[in-house]
Amino acid sequence: MIANMPTSTFLLYIGVFLVQFVFVIGYGIWWCLQGRDPSRKDKRN
Amino acid sequence: MMIAILVVYFGLMLFIGYLASRKVRDSRDYFLGGKGFGPWFTAFKFAATWESGVKLVGSPGMAWNAGWSSLAMGIGTPLCYFFSFRVFGQRLKMAFDHFNVLTLPQMLEKRYNSRAIRIVAAVAILIGLGGSLVAQFKATGEIFSAILGLDYLHGLFIGAVIVGIYCIMGGYLASVWTDFIQGIIMVLGSIAIFSATAQAAFGGVSWDLLPQLNAALASIDPNLLDVTGGGKMSWSNLFIILAITMLVGIAMPQQSVAIFSMRDVRTARVAMIVCVVFSAILAWSLATTGMMSHMVLDPGEVKNPDMVIPLLIPKVLSPFMGGIYLAAVLAAIMSTVSGSIVVAASSLTEDIFKLAIPHRYERHPMFYNRVGAAVFVLLPLLFAVNPPTIIFWIGVFAFGFLVFTFLMPMIGVILIPGATKQAALAQMVSIMIIIPVWTIWLQKPTGIPALLVGLVGAPLIFFAVNAVFKKNELAPEIKELWNKFGQL
């Protein structure tokens, strides 16, 4: 039991948190910080 | 007080529709808002259209019923945004601009060099979105009537007239601007009901909230702490839903239009983060609110899980905040409806009127655009009064019908340079027959969900036909597009 909940449920709780905040938001921030800027090339379309 | 807030909210939506109508000059403005939206507008448009009113009422109800296991749905939505913007989004935007078109069927026509594909795609959008609009209008009528204390017909009429007026006046621009305001209201409403319920249940939000909540849930029903909700959450269904959720951005026309209308491909990066923050706030606040309701509501008065929110509002929120939450629920459903109306109207006018009556359409394009939007307000409104059986069924299969009709042809646009028009057309037509037939006649006897049939069947049909008609040489325009993809 962690925080009064079964370990399997706690893993779900942590899993959802990790997917949202580490995997997608964390990756998104890293992605935004990448230097390549295709938008300038794209504006010619 | 609640009614006053709702009246102010409705007035604001109509005013935004009026402002948008003054900025709309041509079809590009009317159906794509001028294709100049930055990450915030793109994100709120995409997320508010996807996270419908069902979420603001249904999520707390599901958490009341199935406890922590309901949080599993929270994994799907961020993955939906990741796939929509990161995996598909930039290439989709690039392809849409490369072909210089206004609608998804036009993009498919140019990619596959086939007028038939454009017409089939337009018909699929008219059937799928038209049918789902009837279901959405029906939900609008039910939610409006429950919230405003009116009968169903009055609720339906008020909801449809408000969303109809701002969509007909301002088109996609009005839809995006109202979605932005509606998204903010949804976030504020969710945070408000979460903190008010925590206050009523445990004296406020604190670091001990999680163990306190779990101890209380264990004493009420230990199944609420179980990872399967005591068997209430079907993990096999959940995996099918997760797989389909990832395809929403590419395969649902009312979602992919938010990607087409971005200012540039880089917009996708910040838009993805904004979408996930939006969805995370809703997922955590609404799921925990539903579970904390056990400490606030008398179990005897909750006849079904959807009653949790209507019962909770007067108990924990002031009339002012109650009005904000009700506005949030209405906002959520109106944002979903407006997205569908504009995309369905674009297919009717740009892909049907323009082909059937080209000279008349070219003389008065804005008139016909607004007629198209009016058709998708008035017809669903009429059918929603008393839906005939066929319309009821279209509402049931519309989601799978749309997702799988467009799945492989759209993946072909951005990921398969050798995709052929025969494969795209065969997949579209087969799925448009298989999904309705399976849903109505075969789903029950076989026990196999139509969504699973579509998920497996669409790629199988596409790749089988593609193998037969595959050409070794790519068209110059496709080569040029793939060169552009290489710059990403």
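Procedures and definitions
- Numbering of residues begins from 1 in every chain and follows the order in which that chain's sequence is written.
- Both sets of labels track the order of writing: A upward for chains, 1 upward for ligands.
- Totals for whole chains, interfaces and linings use all residues, but because this is a predicted model, local features are given only for residues with pLDDT of at least 70 and pairs of side-chain atoms are given and counted only at 80 or more.
- Numbering of helices and strands starts at the N terminus; helices are DSSP runs of H or I of at least 4 residues and strands are runs of E of at least 2.
- We compute the radius of gyration from the C-alpha atoms alone; for a globule the expected value is 2.2 Å times N to the 0.38, where N is the number of residues.
- Exposed residues have 12 or fewer other C-beta atoms within 10 Å of their own C-beta, buried residues have 20 or more, and partly exposed residues fall in between, where C-beta atoms are placed from the backbone.
- We call two residues in contact when their backbone-placed C-beta atoms lie within 7 Å.
- Think of each axis as a best-fit line through the C-alpha atoms, taken over the contacting stretch in the case of a helix, with angles from 0 to 180 degrees between the N-to-C directions.
- Rotating anticlockwise by less than a right angle from the far helix to the near helix defines a left-handed crossing, while the corresponding clockwise rotation defines a right-handed one.
- Any residue outside Ala, Val, Leu, Ile, Met, Phe, Trp, Tyr, Cys, Pro, Asp, Glu, Lys and Arg is labelled polar, Gly included; the first ten of those are nonpolar and the last four are charged.
- In a helix, the anticipated span is given by 1.5 Å times the number of residues less one.
- One fitted axis covers the seven residues ending at a residue, a second covers the seven starting there, and the bend at that residue is the angle between these axes.
- Residue-level confidence of the predictor, termed pLDDT, takes values from 0 up to 100.
- These descriptions rest on fixed angle ranges, namely under 35 degrees for roughly parallel, over 145 for roughly antiparallel, 65 to 115 for roughly perpendicular, and the rest for oblique.

**Here we look at the overall build of chain B**
- In terms of helices and strands, chain B carries 21 helices and 0 strands.
- For chain B, the C-alpha radius of gyration of 23 Å lies close to 23 Å, the compact-globule estimate for 488 residues.
- Based on the C-alpha atoms only, the size of chain B along its principal axes is roughly 70 × 45 × 45 Å.
- Expressed as a percentage of the 488 residues in chain B, the buried residues total 59%.
- Within chain B, contacts between residues separated by at least 24 positions form 83% of all contacts whose residues are at least 6 apart in sequence.

**Looking at the overall build of chain A**
- Within chain A one finds 2 helices and 0 strands.
- Relative to its 45 residues, chain A shows a buried fraction of 24%.

**Topic: the packing of helix H8 (residues 152–202) of chain B against helix H15 (residues 319–356) of chain B**
All names here are of chain B.
- One way to put it is that H8 packs onto H15 with a least axis distance of 6 Å and a crossing angle of 145°. In the crossing of H8 with H15, the sense of the turn from one axis to the other is left-handed.
- Broken down by class, the residue content of the contact of H8 with H15 amounts to 20 nonpolar, 8 polar and 1 charged.

**Details of helix H5 (residues 73–99) of chain B**
Residues and elements named next belong to chain B.
- A rise of 1.5 Å per residue sets the reference length of H5, with its 27 residues, at 39 Å; its end C-alpha atoms lie 36 Å apart and thus fit the reference within 8%.
- The sharpest bend along H5 measures roughly 60° and falls at Gly89.
- Judged by how many residues are buried, H5 sits mostly within the fold: 23 of 27 residues are covered.
- A positive backbone phi angle near 50° is found at Asn100, which sits one or two residues after H5.

**Here's the deal with the interface of chain A and chain B**
- Across the contact, 26 residues belong to chain A and 33 residues belong to chain B.
- The set of elements that each furnish at least two residues to the side of chain A that touches chain B consists of helix H1 (7–32) and helix H2 (39–42) of chain A.
- With 15 residues, the top contributor of residues to the side of chain A that touches chain B is H1(A).
- The residue makeup of the side of chain A that touches chain B, split by class, is 14 nonpolar, 8 polar and 4 charged.

**Re the confidence of the model for chain B**
- Of all residues in chain B, 100% attain a pLDDT of 70 or more, and the chain-wide mean is 91.
- Two summary scores accompany this predicted model of the complex, namely pTM at 0.91 and ipTM at 0.84.

**Here we look at the environment of B:Ile394**
Residues and elements named next belong to chain B.
- Take Ile394: it is sitting in helix H18 (residues 389–415).
- When the C-alpha positions of Ile394 and Trp68 are compared, they lie 33 Å apart, and in sequence the two are 326 residues distant.
- In contact with Ile394, not counting residues within four places along its chain, are Ile127 and Gly131.

**Describing the packing of helix H6 (residues 104–112) of chain B against helix H7 (residues 115–148) of chain B**
Residues and elements named next belong to chain B.
- For the pair H6 and H7, the least separation of the axes is 7 Å and the interaxial angle reads 155°. Classified by the interaxial angle, the pair formed by H6 and H7 is roughly antiparallel. Remark: the crossing between H6 and H7 carries right-handed chirality. For the pair H6 and H7, the contacting residues are Leu104, Pro105, Gln106, Leu108, Glu109 and Tyr112 in the first and Arg115, Ile117, Arg118, Ala121 and Ala122 in the second.
- Along the lines of polarity and charge, the residues of the contact of H6 with H7 split into 7 nonpolar, 1 polar and 3 charged.

**Concerning the environment of B:Arg91**
- With respect to the helices, strands and loops of the structure, B:Arg91 is situated in helix H5.
- By the C-beta count within 10 Å, which is 22 here, B:Arg91 ends up buried.

**Here we look at the environment of B:Thr245**
- Checked against the element boundaries, B:Thr245 lands in helix H10 (residues 235–245).
- Each residue touching B:Thr245, except ones within four places of it in the same chain, is listed here: B:Gly76, B:Thr77, B:Leu79 and B:Cys80.

**Thoughts on unusual backbone geometry**
Residues and elements named next belong to chain B.
- The phi dihedral of Lys35 is positive, around 55°, even though this residue is not glycine.
- One can find Lys35 in the loop between helix H2 (27–32) and helix H3 (39–50).
- A positive phi is found at Asn100, a non-glycine position, where the angle reads about 50°.
- As for its position among the elements, Asn100 is in the loop between H5 and H6.
- Exposure remark for Asn100: the 10 C-beta atoms within 10 Å place this residue in the exposed category.

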